[in-house]
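# Inside the fold
Below, each chain spelled out in residue letters.
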Amino acid sequence: MTIEIRRLLPGDDAVLDHVAEEVFDDPVEPARLKAYLAAPNHLMFVALLDGMVVGQCAAVVHRHPDKPVELYIDEVGVSPSFQRQGVARRMLAAMFALGREFGCGEAWVGTEPDNIAARALYENLAESPDPAEGFVMYVYKL
């Protein structure tokens, strides 16, 4: 079983025609997907197995007038039958590398305090979490 990690670009909409369960929170809407992929500051990687999307990682490049460019990891989703196999880690590694290409000095991601699986992944990669009530944020130097 070889899972391919692939960046989606404008025109790659059809890749998301076959998505495994629980990769996204809701069904992918074609018009929203098209607009997302067309936006140059929106980035997405997917994990593919035999043409089926089994994971996704979406991020946004934030440019500020007074701070360095940063990468916000907006979503990471892996179908339950493919979790704990390194899929999310590989997608995040690809996203971090792309963030560096975009000039991002750091990346950050947040999750709910009770999302144990996500926290285990993020804590394994992060220097230290930034706890706040109802939200845990992880920052990565790129």
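Okay, so let's go over this structure.

### Here we look at the pattern of salt bridges
The final tally for this structure, using the stated rule, is three salt bridges. Across the pair R32 and E29 runs a salt bridge whose closest N-O atoms are separated by 3.6 Å. Close ionic contact of K141 with E106 constitutes a salt bridge, the shortest N to O distance being 3.1 Å. Here K141 is found in strand β7 (residues 135–141), whereas its partner E106 is found in strand β5 (residues 106–111), with 35 residues between them in sequence. For E106, a relative accessible area of 23% gives the class partly exposed.

### Structural notes on the nonpolar core
Nonpolar side chains in soluble globular proteins generally cluster together in the buried interior. Ranked by size, the top nonpolar core spans 39 residues in total, and within it V46, L71, I73 and M95 carry the most contacts. Of all the secondary structure elements, the ones that give two or more residues to this core are α1 (30–38), β2 (42–49), β3 (52–62), β4 (70–78), α2 (87–101), β5 and β7. With sequence-adjacent residues up to four places away left out, M95 is seen in contact with L43, M44, F45, C57, A58, A59, L71 and I73.

### Focus: the layout of surface pockets
As a volume, the second largest pocket reaches approximately 400 Å³. Lining of the second largest pocket is provided by 15 residues; of these, F24, D26, P27, V28 and M44 occupy positions nearest its centre. Breaking the lining of the second largest pocket down by element, the ones donating at least two residues are α1, β3 and β4. Broken down by element, the residue count for the lining of the second largest pocket peaks at three residues, all from α1. Of the residues that constitute the lining of the second largest pocket, the class distribution is eight nonpolar, one polar and six charged.

### Considering α2
In a regular helix each residue adds 1.5 Å, so 15 residues correspond to 21 Å; α2 covers 22 Å between its end C-alpha atoms and thus fits that length. Those residues of α2 that fall on the buried side of the exposure criterion are V87, A88, M91, L92, M95, F96, L98 and G99. Down the axis of α2, the buried set is contained in an arc of 165 degrees. They therefore lie on one face. Within two residues after α2, G103 carries a phi angle of roughly 85 degrees, on the positive side.

Reading the values: rules and limits
Residues numbered from 1 in each chain as written. Predicted model: local features only at pLDDT ≥ 70, side-chain atom pairs only at ≥ 80, totals over all residues. Heavy atoms only, no water. Salt bridge = Lys/Arg side-chain N within 4 Å of Asp/Glu carboxyl O. Helix = DSSP H or I, 4+ residues; strand = E, 2+ residues; numbered from the N terminus. Buried < 20%, exposed > 50% of the residue type's maximum accessible area, 1.4 Å probe, protein only. Core = buried A, V, L, I, M, F, W, Y, C linked by side-chain atoms within 4.5 Å. Contact = heavy atoms within 4.5 Å. 1 Å grid on protein atoms, 1.4 Å probe; cavity = no way out; pocket = protein on both sides within 12 Å on 5 of 7 lines; lining within 4 Å. Points joined across faces, edges and corners; volume = space filled by probe spheres on them. Nonpolar A, V, L, I, M, F, W, Y, C, P; charged D, E, K, R; others polar. Expected span 1.5 Å × (residues − 1). Arc of directions from axis to C-beta.

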